[in-house]
Amino acid sequence: QAVIFTESMILSGIEEYAYRIRQLPEYRKTIYLTATKEKPEDILNSKTENENLVGFSIEKTIRNLVEAGQALDLTLADILEIIASPIKCCVMPVIGLKDNMIALTGYAVMYGGKSKGIIPVEECDGLILLKAKKPKDTVVVMAQEQSFTLETELRKRKIRAFYDEGKITFDVNIEINSKIMYMEKRIDVNDKVIKQLSDKLEENLKTELISTILKSQKDFKSDYIGFGTAFRIKYPDLMKNLDWDQAFLEATFNINVKVNLRGSGNIDLNPKA
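Numbering of residues begins from 1 in every chain and follows the order in which that chain's sequence is written. Local features in a predicted model are, by the rule used here, given only for residues with pLDDT of at least 70; side-chain atom pairs are given and counted only at 80 or more, and totals for whole chains, interfaces and linings are based on all residues. The side-chain numbers reported here are obtained from all heavy atoms of the structure, hydrogens and water having been left aside.

Concerning helix 7 (residues 191-219)
Piece 1. Helix and strand definitions here come from DSSP, where helices need a minimum of 4 consecutive H or I residues and strands a minimum of 2 consecutive E residues; each element is numbered from the N-terminal end. Every helix has an expected span of 1.5 Å times one less than the residues it contains. With 29 residues, helix 7 should reach 42 Å at 1.5 Å per residue; the first-to-last C-alpha distance of 41 Å fits that figure.
Piece 2. Here helix 7 has its buried residues at Val 193, Ile 194, Leu 197, Ser 198, Leu 201, Leu 205, Leu 209, Thr 212, Ile 213, Lys 215, Ser 216 and Gln 217.
Piece 3. In protein, a polar contact requires one atom able to donate a hydrogen and another able to accept it; more generally it is a pair of N or O atoms within 3.5 Å, and residues adjacent in sequence count only if both atoms are side-chain atoms. Here helix 7 starts with a cap whose side-chain oxygen sits 3.1 Å from the backbone nitrogen of Lys 192, and that cap is Asn 190.
Piece 4. Positioned one or two residues after helix 7, Lys 221 has a phi angle of 50 degrees, which is positive. Summary of the burial criterion: residues with accessible area below 20% of their type's maximum are buried, those above 50% are exposed, and those between are partly exposed, where the area comes from a 1.4 Å probe applied to protein chains only.

Some details on the sheet that holds strand 4 (residues 101-111)
Piece 1. Strand pairing is assigned whenever DSSP detects at least two bridges linking the two strands. With respect to topology, five strands assemble into an open sheet ordered 1-2-3-4-5, the strand pairing being mixed. At either margin of the open sheet sits one strand with a lone partner, and together these are strand 1 (2-6) and strand 5 (114-120). Taking each pair of neighbouring strands and ignoring which way they run, the sheet shows an average axis angle of 40 degrees.
Piece 2. When strand 4 meets strand 5, the two strands line up antiparallel, connected through six bridges. Residue pairing for strand 5: Tyr 111 is matched across the bridge by Lys 114.
Piece 3. We call two residues in contact when some of their heavy atoms are within 4.5 Å. The axes used here are C-alpha line fits, helices contributing only the stretch in contact, and every angle between their N-to-C directions lies in the interval 0 to 180 degrees. The strands touched by helix 4 (residues 54-67) within the sheet are strand 1, strand 2 (32-36), strand 3 (89-98) and strand 4, with strand 4 carrying the most contacts at an inclination of about 70 degrees.

Side note on the packing of aromatic side chains
Piece 1. Stacked, tilted and edge-to-face are the three classes assigned to paired rings of Phe, Tyr and Trp, where Trp is represented by its six-membered ring and a pair needs centres within 6.5 Å; plane angles under 30 degrees give stacked, over 60 edge-to-face, the rest tilted. Inspection of every chain in the model, using the stated rule, returns twelve aromatic pairs.
Piece 2. Here Tyr 163 and Phe 231 contribute two aromatic rings whose centre-to-centre distance is 6.2 Å and whose plane-to-plane angle is 70 degrees, an arrangement assigned as edge-to-face. One end of the pair, Tyr 163, is in strand 7 (residues 146-164); the other, Phe 231, is in helix 8 (residues 227-234), and 68 residues separate them in sequence.
Piece 3. Judged by its relative accessible area of 0%, Phe 231 falls in the buried class.
Piece 4. The residue whose ring lies beneath Lys 116 is Tyr 111, and the NZ or CZ to ring-centre distance is 5.5 Å. Here, a charge over a ring means that NZ of Lys or CZ of Arg falls within 6 Å of the ring centre while also lying within 35 degrees of the ring normal.

Remarks on the nonpolar core
Piece 1. We define a nonpolar core as any set of buried Ala, Val, Leu, Ile, Met, Phe, Trp, Tyr and Cys residues linked to one another through side-chain atoms lying within 4.5 Å. Ranked by internal contacts, the top residues of the largest apolar core, which has 53 residues, are Tyr 107, Phe 148, Phe 170, Tyr 224, Trp 244 and Phe 253.
Piece 2. Beyond its immediate stretch of four places on either side in the chain, Trp 244 contacts Ile 87, Ile 168, Phe 170, Asp 223, Phe 227, Gly 228, Phe 231 and Met 239.

Section: the state of the cysteines
Piece 1. Note on terminology: pairs of cysteine sulfur atoms within 2.5 Å are recorded as disulfides. Under the defined criterion, the tally for this structure stands at zero disulfides.
Piece 2. Unpaired in terms of disulfides, Cys 90 finds its nearest cysteine sulfur in Cys 89, a separation of 7.7 Å.
Piece 3. Judged by relative accessible area, Cys 90 falls into the buried class, the value being 5%.
Piece 4. With no disulfide of its own, Cys 124 lies 14 Å from the sulfur of Cys 90, the closest cysteine sulfur.
Piece 5. Taking relative accessible area as the criterion, Cys 124 reaches 2% and is therefore assigned buried.

What follows is the structure, given as structure tokens:
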């Protein structure tokens, strides 16, 4: 159900092991690849629901989070394709133990089958928003001197690449549908409050996305978010003769976030009325 690589293995490289796994008939190409900083025996002896095997627990944990729009996965087929591609970057889920139960704890940044470090799951909201198929989240936003709990869901994501006189620019356009799920105090949520919440959420998401992209350029120096794919689709001939590893570090980004905010249907937005 899953392959678990220790931290020392992903640092030294998993390419050879990926090819070995491909040759074994009992493993599917859709099998999940994961990494861990835990001791193997601790993972194998962890608690699981209904006393299932650990592999089932890992698969269920990752699959459920992916379906909920809150995580990314990596399969054997993915890593083999990435290793053979000119971009060679991706992220691998890192599992750990919380209360002796399997949990997603972060993502290992992989380049050509080797890890360049691990991003804690708490710092991955922007990564999920940029890469997950249907990212969803629950966030807290301050307005009117109180907190509002909002549910967010991606409506549209468009990444456009531009090349002009040797300079690469990306326009990242994100549109979010959001609902008010809870408010600290019952007040009238009029158009002014809606705008305040929308503006604040747009600002927060834009800051998160900028931080995520800068982390990939400055800290890890690798395009694990996948901007190279958008560039290759638009400029296939140019991509063949381009040192993408270096070109990505020099690329600039324009980030635009739009939020469509409304009530959840469970909250009376005008209690006084």
